[in-house]
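Chains, contacts and geometry: an overview
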Amino acid sequence: MSPSSLQMSRRIRRTPYTRRVEQCGVRGYSVVNHMILPKAFGPDVEDDYWHLRENVQVWDVSTQRQVALQGPNAADLVQWMTPRDLTDMQVGQCRYAPLVDEHGCLINDPVLLKLSPQHFWLSIADSDVLLWAKGLARGANLDVCVTEPDVSPLAVQGPKAEEVVAGVFGDAVRALKFFQFGWFPFAGTQQLVARSGYSRQGGFEIYLHGAEYGEPLWDAIWDAGVAHNIRAGCPNLIERIEGGLLSYGNEFTRDDNPIECGLSAFCDLDADIETLGGPALRAIVDRGVERNMRGIQVAAPRQHSAVTQPWPVYSDDEQIGIITSGIWSPRLKTHVGLSILPRAYWEPGQSVVVMTPDGSQHDGIVSALPFP
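Just so it is clear, the model here is predicted, and its values are computed rather than measured.

**Details of the pattern of salt bridges**
It is possible for side chains of opposite charge to pair when their charged atoms get near one another. Across all of its chains, the model carries 17 salt bridges by this definition. Here R174 makes a salt bridge to E162, at a shortest N to O gap of 3.1 Å. On the criterion of sequence distance, the pair formed by R174 in the loop between helix 5 (161–169) and strand 12 (181–186) and E162 in helix 5 is long-range, its members being 12 residues apart. Judged by its relative accessible area of 30%, R174 falls in the partly exposed class. A salt bridge links R174 to E163; the nearest nitrogen and oxygen atoms lie 2.9 Å apart. Here R174 is found in the loop between helix 5 and strand 12, whereas its partner E163 is found in helix 5, with 11 residues between them in sequence. A network of salt bridges, in which partner residues are shared, links E162, E163, D171, R174 and R195.

**Overview of the environment of E54**
Note on placement: E54 falls in helix 2 (residues 45–54). Residues E54 and W218, 164 residues apart in the sequence, show an inter-C-alpha distance of 21 Å. Look past the residues within four positions of E54 in its chain and what remains in contact with it is P159 and K160.

**So, the side chain of E251**
Tracing the backbone shows E251 in the loop between helix 7 (237–242) and helix 8 (278–287). Only 2.9 Å separates the side chain of E251 from the side chain of R240, close enough to count as a polar contact.

**Digging into the sheet that holds strand 22 (residues 361–367)**
Spatial strand order, 18-17-21-22-16-20-19: 7 strands in an open sheet with antiparallel pairing. If you trace the sheet from one side to the other, it starts and ends with strand 18 (318–323) and strand 19 (325–329), each paired once. Strand-to-strand twist in this sheet, taken as the mean axis angle between neighbours without regard to direction, amounts to 35°.

Parameters at a glance
Residues numbered from 1 in each chain as written. Predicted model: local features only at pLDDT ≥ 70, side-chain atom pairs only at ≥ 80, totals over all residues. Heavy atoms only, no water. Salt bridge = Lys/Arg side-chain N within 4 Å of Asp/Glu carboxyl O. Helix = DSSP H or I, 4+ residues; strand = E, 2+ residues; numbered from the N terminus. Buried < 20%, exposed > 50% of the residue type's maximum accessible area, 1.4 Å probe, protein only. Contact = heavy atoms within 4.5 Å. Polar contact = N/O pair within 3.5 Å; in protein donor to acceptor, adjacent residues only side chain to side chain. Pairing = 2+ DSSP bridges. Axes fitted to C-alpha atoms, helices over the stretch in contact; angles between N-to-C directions.

Rendered as structure tokens:
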């Protein structure tokens, strides 16, 4: 899909970085949270993959919209929304915090940032958290303001990311630990910079407040990155799958729960906290977990493209699951995919059969995540 083939309107928003993305030769977009997300640069996804692993890229991830919770009951509301225990979370920390409903089903899987004891940002995936949070707050009569601030994240990812970000914000950013953030000067403002990002290659996310600073920020990052072979990029499907990074709407939806999606480490069901989905999730654990997220290596020929429609997974002619996201891994020399599998088939090394869109069947091997 070329950029011009997407019919724009006020319902599909451009970002503060879109003009720079276009100048860098974006080859296609997706739409996330009613905003365009660049999906392709460079000659192909493999070239982009190797560049990300070896250099540094700047990503327009403004689609990670922020849902701000602020007020005396902000901490109560965010704890009610997630089964992760937040009682020891400190100001300046980020946490991955799955959000669930009263049935334990996933509403979203944002990164949570604690700006103050009464002020939080939920950096969301592709589903409507703003209206859900407003409804919960109103229904429970909580004193909290729920808004979408003018914040547009820009990611700098790759092994050389620290050099680039330090070149813009100063050496103090080097002291940030993973999933920590701080405030740093830029163009007469203070901007939030976190050591985080949607890759396993390391990097930072700049939660830019003020759309008018979008192009100056992009230009500053670019200028600092020229010496480090910087490119415009985007979340890379090969790297994401190899790293076991999940995508809301692809690997799981509101039909799924975090216990069976490989996210049980982020559900503190024994903690003394009041959380909306806690009782339902405890019931799932008590009756026994029947499914879980795994990787699958598929011995299909390289000519098969990335998974755009699910690939069925079989054992003894019985369908046991689907590959939701998959692609050829040039590093592992095989197709890699993500799938939720029943207990009897989830052990690494288990043999399965995968059907590709042309109707052919191929041997598959279950893998732990991330892929080795």
